[in-house]
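# Structural characterization, general
One-letter residues, chain by chain:
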Amino acid sequence: YKELTDYRDAIQFVHDQTIRMMNQKMTPNEIATKINLPTHLQNSPFLQEFYGTPAWSARNVFSGYLGWFDGNPSTLNPIAPYEEAEKISHLAGGYENLLKITENSYEEKDYQWTLQLTDYLMELRDNKQVVDLRILALNKLGELQSNPNARYFYLSSAQDLIKIPETDLLTQPTPEILKQYPIDILFDILKVNLIPEKSLAKEI
């Protein structure tokens with residue numbers, strides 16, 4: 001009873017505190033950095049951050065109520081990623097300086113900042129040195145995680161940079177399989193596979 005009650009209370013706490021902070025005009029990022037379970041819930045062995053975290057759940061609550069827009073007007077119509085990367089590179093004194101700053105952040109064990117800076121560098125150029133640095137940062141972040149979902153995503157993202165995974169999709173359906181599909185399902189599949197630039201001028 002206590003375990004289930006604690007679990008219920010933790011979910012309710014994250015929900016209610018997220019709403020409270022939303023009403024204070026906080027963004028999802030701000031809420032995620034501030035939300036913490038009460039000590040008696042943090043100490044529960046059944047509420048360890050094994051599958052999710054209060055920060056992740058708070059973002060879900062925000063998105064569920066208000067959608068993708070975080071309330072910060074600068075994110076309403078942000079500049080394109082490449083343009084942002086160019087501007088960050090210019091602020092850093094050029095690409096090579098930005099690369100040096102990224103290397104220094106890794107040496108200082110600021111792995112999250114290293115990862116974020118490699119986003120800009122990779123947006124601007126294909127550079128094996130940057131990819132290697134990103135792999136190092138991803139592996140370090142993965143090693144530091146107790147949450148298996150976060151750990152998996154960091155480490156598998158690093159592996160994907162080392163070797164692009166094979167993308168064999170499901171086997172092609174046979175006529176016998178297709179006969180079992182309701183026609184509305186088939187049309188739903190067609191809708192989400194439509195390539196607009198190849199079909200806008202066609203009447204089929």
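The structure under discussion appears in the preceding block.
Residues numbered from 1 in each chain as written. Predicted model: local features only at pLDDT ≥ 70, side-chain atom pairs only at ≥ 80, totals over all residues. Heavy atoms only, no water.

## A short note on the overall build of the chain
Stated formally: The secondary structure listing takes helices from DSSP runs of H or I that are at least 4 residues long and strands from runs of E that are at least 2 residues long, numbered from the N terminus. With the radius of gyration taken over C-alpha atoms, the globule rule is written as 2.2 Å times the number of residues to the power 0.38. For every residue, the accessible area (1.4 Å probe, protein chains only) is compared with the maximum for its type, and the residue is labelled buried under 20%, exposed over 50%, or partly exposed between those bounds.
The helix and strand inventory of the chain stands at 12 helices and 0 strands. Mapped in sequence order, the helices and strands of the chain form the string α-α-α-α-α-α-α-α-α-α-α-α. Since a compact globule built from 204 residues should have a radius of gyration of about 17 Å, the 23 Å found for the chain marks it as more spread out than a globular shape. Counting all 204 residues of the chain, 27% fall into the buried class.

## What to know about helix H7 (residues 111-124)
The cut-off we apply is this: Here the expected span of a helix is defined as 1.5 Å times the quantity of residues minus one. Every residue pair with non-hydrogen atoms within 4.5 Å of one another is taken to be in contact.
For H7, built from 14 residues, the straight-helix expectation of 20 Å at 1.5 Å per residue is met to within 8% by its first-to-last C-alpha distance of 20 Å. Restricting attention to buried positions, one finds in H7 the residues Tyr111, Thr114, Leu115, Leu117, Thr118, Tyr120, Leu121 and Leu124. Residues of H7 that are buried sit in contact with helix H5 (81-91), helix H6 (95-107), helix H8 (128-143) and helix H9 (148-162).

## Quick look at the packing of aromatic side chains
Which entries qualify depends on this criterion: Here a pair means two rings of Phe, Tyr or Trp (six-membered ring of Trp) with centres within 6.5 Å. Their orientation is stacked below 30 degrees between planes, edge-to-face above 60, and tilted elsewhere. Two thresholds decide whether a charge sits over a ring: the Lys NZ or Arg CZ must be within 6 Å of the ring centre and within 35 degrees of the ring normal.
By the definition in use, this model includes 2 aromatic pairs. Considering the side-chain rings of Tyr106 and Tyr111, the 5.3 Å spacing of their centres and the 55° angle between planes classify their relative orientation as tilted. Taking the relative accessible area as the measure of exposure, Tyr106 reaches 13% and is therefore buried. The side chain of Arg125 reaches across the aromatic face of Tyr95, ending 3.8 Å from its centre.

## Quick look at unusual backbone geometry
Residues other than glycine seldom take positive phi values, yet Lys25 does so here, at roughly 70°. For Lys25, the position within the fold is in the loop between helix H1 (2-23) and helix H2 (28-34). Although it is not a glycine, Lys109 adopts a positive phi angle of roughly 65°. With respect to the helices, strands and loops of the structure, Lys109 is situated in the loop between H6 and H7. A residue is classified by how much of its surface remains accessible, and Lys109, at 61% relative accessible area, is exposed.

## Describing the nonpolar core
Across soluble globular proteins, you tend to see nonpolar side chains buried next to one another. What counts is decided by this rule: What makes a nonpolar core is a set of buried Ala, Val, Leu, Ile, Met, Phe, Trp, Tyr and Cys residues whose side-chain atoms join them at distances within 4.5 Å.
Core analysis: the largest hydrophobic core is formed by 21 residues, its most contacted members being Leu98, Leu115, Leu121 and Tyr154. Of all the elements in the fold, those that place two or more residues in this core are H6, H7, H8 and H9. For Leu121, the residues in contact, after removing those within four places along its chain, are Tyr95, Leu98, Leu99, Thr102 and Val130. Judged by nonpolar contacts, the second largest core, of 12 residues, contains Ala10, Val14, Met21 and Ala58.

## Considerations on helix H4 (residues 54-66)
Let me state the cut-off plainly: The directions considered for the arc run from the helix axis to the C-beta atoms.
Compared with the 18 Å implied by 1.5 Å per residue over 13 residues, the 18 Å span of H4 between its first and last C-alpha is a close match. For H4, the set of buried residues is Pro54, Ala55, Ala58, Val61 and Phe62. Buried residues along H4 cover an arc of 115° about the axis, so they all sit on one side. Relative to its buried face, H4 has exposed residues pointing more than 90 degrees away, namely Asn60 and Gly64. Here the buried face of H4 lies against H1 and H2. Remark: Gly67 follows H4 within two positions and exhibits a positive phi of approximately 85°.

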